[in-house]
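Examining the three-dimensional arrangement
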Amino acid sequence: MTETAEGEPRRTGVEIEFAGLNEVQAADVVFQTFGGHIEEGESHELTVIGTVIGDIRVELDTVLRKKKNIPLLQMGLDLATGLVPVEIITGPLTREKVARLDALTDALRQAGATGTRDGLLLGFGVHLNPEVVSLDDPHTMQTILAYGLLEPWLRRQEDLDVTRRLMPFVNQWPSAFVTELARSRPSSLADLMVVMARHVQSRNHGLDLFPLFAHANESLYNRMFPEPDKTAARPTFHFRLPDCRIDEADWSLAQAWKLWWTVEDVAQNGALLDSLRKAWIDHMHTAPGADKRWSDKVDRMMRDHGVEAVQ
C-alpha cells in the first residue's frame with residue numbers, strides 16, 4: 001500500500017552505514033550532491049540543512065561519540081575511520097526522493113566510501129524505516145507476519161555478508177516466535193508485544209519493531225521490554241537486514257527496497273500469506289537444513305501465487 005490511512009503518501013527514512021570517509025568528508029559529498037549548507041552538531045555529527053530532499057544528518061555511528069569528557073576516547077574516535085562506520089540518516093522521504101539517493105551513493109562511492117564486503121569486521125548495513133499505514137490497519141499486522149514467514153528466504157536472497165551474520169545486530173527472529181505468531185495471529189500491536197516479549201528482548205534483529213511498539217503504546221512497551229536498547233518512538237517498521245555494498249558498482253538502494261517491497265507484496269496477498277502461514281506451522285524448523293528447505297518452499301509457493309521474487 002502506497003498511502004497511509006489518511007490518504008497521504010507513505011514515506012520512508014533511510015540510514016546508510018559505510019567506511020572509507022570520515023563524517024566531514026561524507027557531509028561534503030552530501031552538500032556537493034544535493035546542496036544546502038552544513039551545520040556542526042554534537043561530537044562527530046553534522047547536518048546538511050535544506051538539501052533538495054530535506055535535512056540529512058551525517059555522524060560517526062557509535063554511542064561513544066557522545067562521551068565528550070573523555071579526551072583519550074575522543075582521540076580514538078578521530079582515528080576510527082574504517083572500523084566505526086559513518087552513517088547518513090535522512091528524514092521521512094517519498095518514494096521519489098528515496099530513488100534520488102542513488103545519486104548520493106554513487107557520489108560517495110566515487111569519493112572512496114567502502115561497504116560491508118571491503119574487509120573483516122565491516123558489518124555495515126542499510127536501514128529502511130517505512131511508515132505504517134496506521135497502527136490499527138490490518139496491513140500492519142499482515143506485514144509483520146509476512147516478514148517473519150519470509151525471513152529465512154530474505155536472508156538467502158540478500159546473500160547476507162558473513163560478518164553481519166556473525167555480529168549480533170541483525171539476528172533472525174526465533175522460529176518459535178514466528179510459529180506462535182503464525183498460530184495465534186495477534187490482531188493488535190499490544191497483543192503482539194505480549195507474544196514477542198516471550199521470545200525477543202533485543203532490537204538487534206533484521207526487522208526491529210521496538211520503535212513502532214514505543215510509538216503505539218509506550219507504557220506497555222516499557223513493561224514488556226524493561227531493558228531494551230534506547231530507541232526513538234516512531235510509526236515505522238525498522239528494516240535493518242540489508243548489507244551496504246556502496247563500493248560495488250552494480251549495487252544500489254533498489255536492492256534493499258525490493259526486499260522490503262516483496263514483504264509488503266506478500267502481506268497484501270491473502271491467499272499466499274495464509275498458505276505460507278499454514279506451511280510454516282507444519283515445517284520442521286529445528287532439523288538440519290531447515291532454513292534452506294523452507295526457502296525453497298517459499299520460492300515454489302511464490303511462483304504458484306504469481307508473486308515475483310527479488311531480482
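Bear in mind the structure is a predicted one, so any value in this text is a computation, not a measurement. (Residues numbered from 1 in each chain as written. Predicted model: local features only at pLDDT ≥ 70, side-chain atom pairs only at ≥ 80, totals over all residues. Heavy atoms only, no water.)

1. Points about the overall build of the protein chain
Regarding its fold elements, the protein chain presents twelve helices and eight strands. Counting across all 311 residues of the protein chain, residues that qualify as buried make up 51%. Summarising the internal contacts of the protein chain: among those between residues at least 6 apart in sequence, 72% fall at separations of at least 24. Total accessible area on the protein chain stands at roughly 14100 Å², and carbon and sulfur atoms take up 51% of it. (Helix = DSSP H or I, 4+ residues; strand = E, 2+ residues; numbered from the N terminus. Buried < 20%, exposed > 50% of the residue type's maximum accessible area, 1.4 Å probe, protein only. Contact = heavy atoms within 4.5 Å. Areas by Shrake-Rupley, 256 points an atom, 1.4 Å probe, with all protein chains shown as cover.)

2. Details of empty space enclosed by the protein
Tallied over the full model, the rule gives one cavity of 30 Å³ or more. The volume enclosed by the largest cavity comes to roughly 80 Å³. What lines the largest cavity is simply M1, T2, R10, T12, R95, P130, E131, W257, W260, W261 and E264. With four residues, the top contributor of residues to the lining of the largest cavity is helix α10 (residues 254–267). Broken down by class, the residue content of the lining of the largest cavity amounts to five nonpolar, two polar and four charged. (1 Å grid on protein atoms, 1.4 Å probe; cavity = no way out; pocket = protein on both sides within 12 Å on 5 of 7 lines; lining within 4 Å. Points joined across faces, edges and corners; volume = space filled by probe spheres on them. Nonpolar A, V, L, I, M, F, W, Y, C, P; charged D, E, K, R; others polar.)

3. Details of the side chain of R245
Structurally, R245 can be placed in the loop between β8 (238–239) and α10. In this structure the side chain of R245 is engaged in a polar contact, spanning 2.7 Å, whose partner is the backbone oxygen of E158. A polar contact of 2.9 Å, which involves the side chain of R245, links it to the side chain of D243. (Polar contact = N/O pair within 3.5 Å; in protein donor to acceptor, adjacent residues only side chain to side chain.)

4. Focus on the environment of L101
Among the structural elements, L101 can be located in helix α3 (residues 95–111). Through-space distance from the C-alpha of L101 to that of V14 is 9.1 Å; in sequence the pair is 87 residues apart. Beyond its immediate sequence surroundings of up to four residues, L101 is in contact with V14, F34, I53, T90, L93 and L253.

5. Things to note about the packing of aromatic side chains
Under the definition given, this model contains twelve aromatic pairs. A centroid spacing of 6.0 Å and a plane angle of 10° characterise the contact between W257 and W261, whose relative ring orientation is stacked. With W257 and W261 both in helix α10 and four residues apart, the pair spans about one turn of that helix. On the basis of relative accessibility, which here comes to 16%, the residue W257 falls in the buried class. (Phe/Tyr/Trp six-rings, centres within 6.5 Å; stacked < 30°, edge-to-face > 60°.)

6. Overview of the layout of surface pockets
Gaps between atoms show up when a probe of the same size as a water molecule is rolled over them. Quantified by volume, the second largest pocket comes out at close to 190 Å³. R11, G13, E15, I89, T90, G91, P92, N129, E131, R234, P235 and T236 are the residues that line the second largest pocket. Within the residue set of the lining of the second largest pocket, elements represented by two or more residues are β1 (12–18) and β5 (86–90). Split by residue class, the lining of the second largest pocket holds three nonpolar, five polar and four charged.

7. A word on helix α4 (residues 138–158)
At E151, α4 is bent by approximately 60°, the largest bend along its length, and proline P152 sits one to four residues beyond. For α4, a buried count of 17 out of 21 residues is recorded, marking the element as mostly surrounded by other parts of the structure. One side-chain oxygen of the residue at the start of α4 lies 2.8 Å from the amide nitrogen of H139, identifying that residue as D137. In the stretch just after α4, D159 is the one whose phi turns positive, near 50°. (Bend = angle between axes of the 7 residues up to and from the residue.)

8. Some words on the pattern of salt bridges
Where charged atoms of side chains with opposite charge meet at close range, the side chains can pair. Counted by the stated rule, this structure contains 13 salt bridges. With a shortest N-O distance of 3.9 Å, R245 and E158 are connected by a salt bridge. Taken together, the positions of R245 in the loop between β8 and α10 and E158 in helix α4 put the pair 87 residues apart, joining distant regions of the chain. When sorted by exposure, R245 lands in the same class as E158, which is buried. Its salt-bridge partner being E180, residue R198 comes within 2.3 Å of it at the nearest N-O pair. Of this pair, R198 sits in the loop between α7 (189–197) and β7 (207–208) while E180 sits in helix α6 (residues 175–184), and the two are 18 residues apart along the sequence. On the basis of relative accessibility, which here comes to 52%, the residue R198 falls in the exposed class. Several salt bridges converge on common partners, so that one network encompasses R185, D274, R277 and K278. (Salt bridge = Lys/Arg side-chain N within 4 Å of Asp/Glu carboxyl O.)

9. A look at the side chain of D243
Position of D243 relative to the elements: it lies in the loop between β8 and α10. Judged by its relative accessible area of 1%, D243 is buried.

10. Examining the confidence of the model for the protein chain
The share of residues in the protein chain with pLDDT of 70 or more is 88%, and the mean pLDDT across the chain is 89. Long-range and interchain partners of residues 69–77, a stretch whose pLDDT sits below 50, account for 13 contacts in this model, where long-range means more than four residues apart. (pLDDT = per-residue confidence, 0-100.)

11. A short note on the packing of α4 against helix α12 (residues 290–304)
Look at α4 against α12: their axes get within 9 Å of each other, and the N-to-C directions meet at 95°. Relative to α12, the element α4 is oriented roughly perpendicular. Across the interface between the two elements, L149, L150, P152, W153, R156 and Q157 of α4 pack against D291, K292, W294, S295, V298, D299 and M302 of α12. Here the residues of the contact of α4 with α12 are counted per class, giving seven nonpolar, two polar and four charged. (Axes fitted to C-alpha atoms, helices over the stretch in contact; angles between N-to-C directions. Parallel < 35°, antiparallel > 145°, perpendicular 65-115°, else oblique.)

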